[in-house]
Amino acid sequence: MISCIIIDDEPFARDELAELLATHVDIDICGFASNAIEAMQAINSHKPELVFLDIQMPKISGMELIAMLDKDAMPRVVFVTAFDEYAIKAFEHHAFDYLLKPIDEARLNKTLERVRKDLTPKDLAAISPTLLPHLPCYSGNRLRVIPVEEVEYIFSDVGGIHVSTASGMVHTHMTLKTLEEKTPLMFCHRQYLISPSAIAEIELQDGGGEIITRSGTRVPVSRRFLKELKQRFGFQ
C-alpha cells in the first residue's frame, strides 16, 4: 500500500481527489489537511510516502510548506494547481509531478504509475525558499502564523517544540533542525535556538552560561555553542 495525504484548503477539491483515488486499491489515504499547520502535523504523524499538495493556500503556500519539512524524510510530492504557470514552474524544477485542476482521471492514473515505479523522493530545494519569513504555529485550538522576526527563542521538551515571542508562547510541528536551517536562529543549547537580534547579554558561567534576552528572559547556553555565539558578536 502507498500511504498518502491530501492537502488543499478547498473541501470540494479534497473530496474530488479522494473519490478518484478510491478506485486504486493500493492507495491508502491516511489523512487530510486544509492548511500548512494541519499538513505538518499530519505528515509528521503519518509519515506518508505520497503527498498531493495544493500550491495556492492562504497564509502559507504549498511551496513554503515544502521548505518547512525535514528534507531527510521528504515524501513524494505531487503539486495540484489551477494555474498553469505554477504547474510549469514545479515541473521545470523537478517536483515529482503536478496535476492541473480540475483533475483529469487519465492524467492522475499516469502520475500514480510514476509513483509506483519511483521509490526515491525528489529534491525540492530548488523551489523551496532558502529562509522562511514566517512559521506555522498553534496555541490551543488557534492556528497562528508567526513572523520569524518576532521570535526570541525556540526550545524543545517532552511536550513538543515551543516558540517564544514578545506576545507569548506558541507551539510548532517543525523540527529544531529544520528551523535552524531555514531561519536566522542559531543553536545555543542542544534544546534551544536563539534569535541573534534578541540577545541583550551573555552571562558567562562554569561550563557554559546564560543569555539574557531583550525582554529579560534567561536562556541556557551550553559550552558546545558558547564559542560560536561569542564569535558571532566579535568576542574572543
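A description of the nonpolar core should follow, citing residues and the corresponding values.
Membership of the largest hydrophobic core comes to 41 residues, with the highest contact counts inside it found for I7, L53, L65, F79, L135, I154 and L179. Here L179 is in contact with L135, I154, I161, T172, M174 and L193, once residues within four sequence places are set aside. If you look at the next biggest cluster of nonpolar residues, it comprises 18 residues, including I6, L17, A18 and I103.

Lay out the sheet that holds strand β11 (residues 186-189) with the relevant residues and their values.
If you walk across this open sheet you meet the seven strands as β7-β6-β10-β9-β8-β12-β11, and the pairing is antiparallel. The open sheet has two edge strands, β7 (142-147) and β11, and neither has a second partner. When the angles between neighbouring strand axes are averaged without regard to direction, this sheet yields 35°. With six bridges joining them, strand β8 (residues 151-157) and strand β9 (residues 160-165) adopt antiparallel strand pairing. Bridged to S156 within β9 is I161. Of the strands in this sheet, β11 and β12 (192-194) are in contact with helix α7 (residues 223-232), which crosses β11 at around 130°.

I'd like a description of unusual backbone geometry, backed by residues and values.
Of note, the bond from K101 into P102 is cis; its omega dihedral lies within 30 degrees of zero at -10°. Counting through the fold element by element, P102 comes out in the loop between β5 (97-100) and α5 (105-117). One non-glycine residue, K59, lies in positive phi territory at about 70°. Considering the arrangement of structural elements, one finds K59 in the loop between β3 (50-54) and α3 (62-68).

Before we move on, could you go through the packing of aromatic side chains and cite the residues and values that matter?
Applying the stated criterion across every chain yields a total of four aromatic pairs. Ring plane angle 20° and centroid distance 5.7 Å describe the contact between F187 and F225, whose orientation is recorded as stacked. Remark: F225 occurs in helix α7 and F187 occurs in strand β11; sequence separation between them is 38 residues. The structure contains a cluster of three or more aromatic residues connected by ring pairs, namely Y153, F155 and Y192.

Report on the pairing of β8, specifying residues and quantitative values.
Here β8 lies mainly inside the structure; six of its seven residues are buried. Two successive antiparallel strands, β8 and β9, enclose a turn made up of two residues. One ladder, built from three bridges, connects β8 with β12; its direction is antiparallel. Counted as the bridge partner of F155 is Y192 from β12.

Analysis parameters
Every chain is numbered independently, its residues counted from 1 as its sequence is written. With pLDDT at 70 or above as the cut-off, local features in this predicted model cover only qualifying residues; side-chain atom pairs require 80 or more to be listed or tallied, and sums for whole chains, interfaces and linings still use all residues. Computation of side-chain values: all heavy atoms of the structure, hydrogens and water removed. Here, nonpolar core refers to any group of buried Ala, Val, Leu, Ile, Met, Phe, Trp, Tyr and Cys residues whose side-chain atoms link them within 4.5 Å. Using a 1.4 Å probe on the protein chains alone, a residue whose accessible area is under 20% of its type maximum counts as buried, one over 50% counts as exposed, and one in between counts as partly exposed. In what follows, a contact means two residues having at least one pair of non-hydrogen atoms within 4.5 Å. For two strands to count as paired, DSSP must find a minimum of two bridges between them. Only DSSP runs of H or I covering at least 4 residues are called helices, and only runs of E covering at least 2 are called strands; the numbering of each starts at the N terminus. Angles shown run from 0 to 180 degrees and are taken between the N-to-C directions of axes, each axis being a line fitted to C-alpha atoms and, for helices, limited to the stretch in contact. Pairing of aromatic rings covers Phe, Tyr and Trp, the last through its six-membered ring, and needs centres within 6.5 Å; plane angles under 30 degrees mean stacked, over 60 mean edge-to-face, and all others mean tilted.

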